[in-house]
Amino acid sequence: MPDARAQTLAPAQPSASPGAASSGASLADASAGWSIQSFSFVDANGASSKWTVVGGRPGQDPRNDLGPVTHPGTPGNDAIVGGPGPDTIAGGLGDDTLSGGGDADTFLYTVGDGSDTIADFERGLDRLVILGASAVSLASNGGVAIVTLDDGSQITLHSATPAASADGAPFG
């Protein structure tokens, strides 16, 4: 029987000093292979921003590693497929279906973009970077995770690899 897990994360409040970044709360479910990290940042002008990252490689800093968007979406519903190398995909507004293809891919999502589906999210390699969320919850059931944001929008992640349950048996 599949094992359902749920986690909720509220990103940390931004640091008061301009130019300072802070690593906020972090949640991980090693047996299921899902992780969530929050970051907050105050720029030199005092404007704050919140980042939430699902997945990614250990030690990866999303603020420094984003790179340019290689596959941008439109204001409508899109189906975007990345290439064989690392991609940065931003679906934009609308309910989008995204696929990164091979290699380590980054999927960018801004609160209000709609409800998206990532068809081939590779846990431990790909990452989802969410900008502007005040609270994020993740519910996983084997190879599928649903990320729900405070505005009610959802991002569904279909994992390319099944997770193992706590006893080491695959589920999903």
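Anyway, here's the lowdown on the structure attached to this text. (Residues numbered from 1 in each chain as written. Predicted model: local features only at pLDDT ≥ 70, side-chain atom pairs only at ≥ 80, totals over all residues. Heavy atoms only, no water.)

### A closer look at the pairing of strand 12 (residues 136–141)
A regular strand places its side chains on the two faces of the sheet in alternate fashion. Only one face of strand 12 is buried: it carries Val136, Leu138 and Ser140, and the other face, with Ser137, Ala139 and Asn141, is open. Connecting the antiparallel pair strand 12 and strand 13 (residues 144–149) is a turn made up of 2 residues, with Gly142 showing a positive phi of about 70°. (Buried < 20%, exposed > 50% of the residue type's maximum accessible area, 1.4 Å probe, protein only. Helix = DSSP H or I, 4+ residues; strand = E, 2+ residues; numbered from the N terminus. Pairing = 2+ DSSP bridges.)

### Quick word on the nonpolar core
Ranked by internal contacts, the top residues of the largest apolar core, which has 19 residues, are Val54, Ile118, Leu128, Ile130, Val147, Ile155 and Leu157. Contributing elements (two or more residues each) for this core: strand 9 (106–110), strand 10 (116–121), strand 11 (127–131), strand 12, strand 13 and strand 14 (154–159). With 3 residues, the single largest contributor to this core is strand 13. With near-sequence residues (within four places) excluded, Ile130 lies in contact with Lys50, Trp51, Thr52, Val54, Tyr109, Val147, Leu149 and Ile155. Among the nonpolar cores identified, the runner-up in size contains 6 residues, and Trp51, Leu66, Ala90 and Leu108 belong to it. (Core = buried A, V, L, I, M, F, W, Y, C linked by side-chain atoms within 4.5 Å. Contact = heavy atoms within 4.5 Å.)

### Examining the environment of Asp78
The residue Asp78 is located in the loop between strand 5 (71–72) and strand 6 (79–81) in this model. Placed 20 residues apart in sequence, Asp78 and Leu98 show a C-alpha to C-alpha distance of 7.9 Å.

### Quick look at unusual backbone geometry
Of note in this structure, Asp103 is not a glycine but carries a positive phi near 75°. Tracing the backbone through its elements, the reader meets Asp103 in the loop between strand 8 (97–99) and strand 9. Exposure remark for Asp103: the relative accessible area of 42% places this residue in the partly exposed category.

### Observations concerning the packing of aromatic side chains
The geometry of an aromatic ring pair is captured by the separation of the ring centres together with the interplanar angle, meaning the angle of the planes. The tally for this structure, following the rule as stated, stands at 1 aromatic pair. Ring centres of Phe107 and Phe121 lie 6.4 Å apart, and the angle between their planes is 40°; this geometry places the pair in the tilted category. A residue pair is termed long-range when its members are at least 10 positions apart, and Phe107 in strand 9 and Phe121 in strand 10 qualify at 14 residues. Phe107 sits in the buried class, given a relative accessible area of 0%. (Phe/Tyr/Trp six-rings, centres within 6.5 Å; stacked < 30°, edge-to-face > 60°.)

### Remarks on the environment of Gly114
Mapping Gly114 onto the fold places it in the loop between strand 9 and strand 10. Classification of Gly114 by relative accessible area gives buried; the value is 18%. Put simply, Gly114 and Asp151 are 37 residues apart on the chain and 9.8 Å apart in space, counted from C-alpha to C-alpha. Once you skip the residues sitting within four places of it in the chain, Gly114 turns out to touch Gly94, Asp95, Tyr109, Ser153 and Gln154.

### Here's the deal with the side chain of Arg123
Mapped onto the elements of the fold, Arg123 is located in the loop between strand 10 and strand 11. We note that Arg123 is buried and unpaired, the nearest opposite charge coming from Glu122 at a distance of 7.4 Å. (Lys, Arg positive; Asp, Glu negative; His and termini not counted. Salt bridge = Lys/Arg side-chain N within 4 Å of Asp/Glu carboxyl O.)

### Describing the environment of Ala90
Counting through the fold element by element, Ala90 comes out in strand 7 (residues 88–90). Not counting residues within four places of it along the chain, the set of residues in contact with Ala90 comprises Val69, His71, Pro72, Gly73, Ile80 and Leu108.

### Describing the pairing of strand 10
Pairing geometry for strand 8 and strand 10, over 2 bridges, is parallel. If you follow Leu98 over to strand 10, its bridge partner there is Ile118. Pairing between strand 10 and strand 14: 4 bridges, direction parallel. Across the sheet, Asp116 pairs through a bridge with Ile155, a residue of strand 14.

### Looking at the side chain of Thr88
Its location among the elements puts Thr88 in strand 7. Owing to a relative accessible area of 7%, Thr88 belongs among the buried residues under this scheme. The contacts of Thr88, once residues within four sequence positions are left out, are Leu66, Pro68, Val69, Thr70, His71, Thr106 and Leu108.

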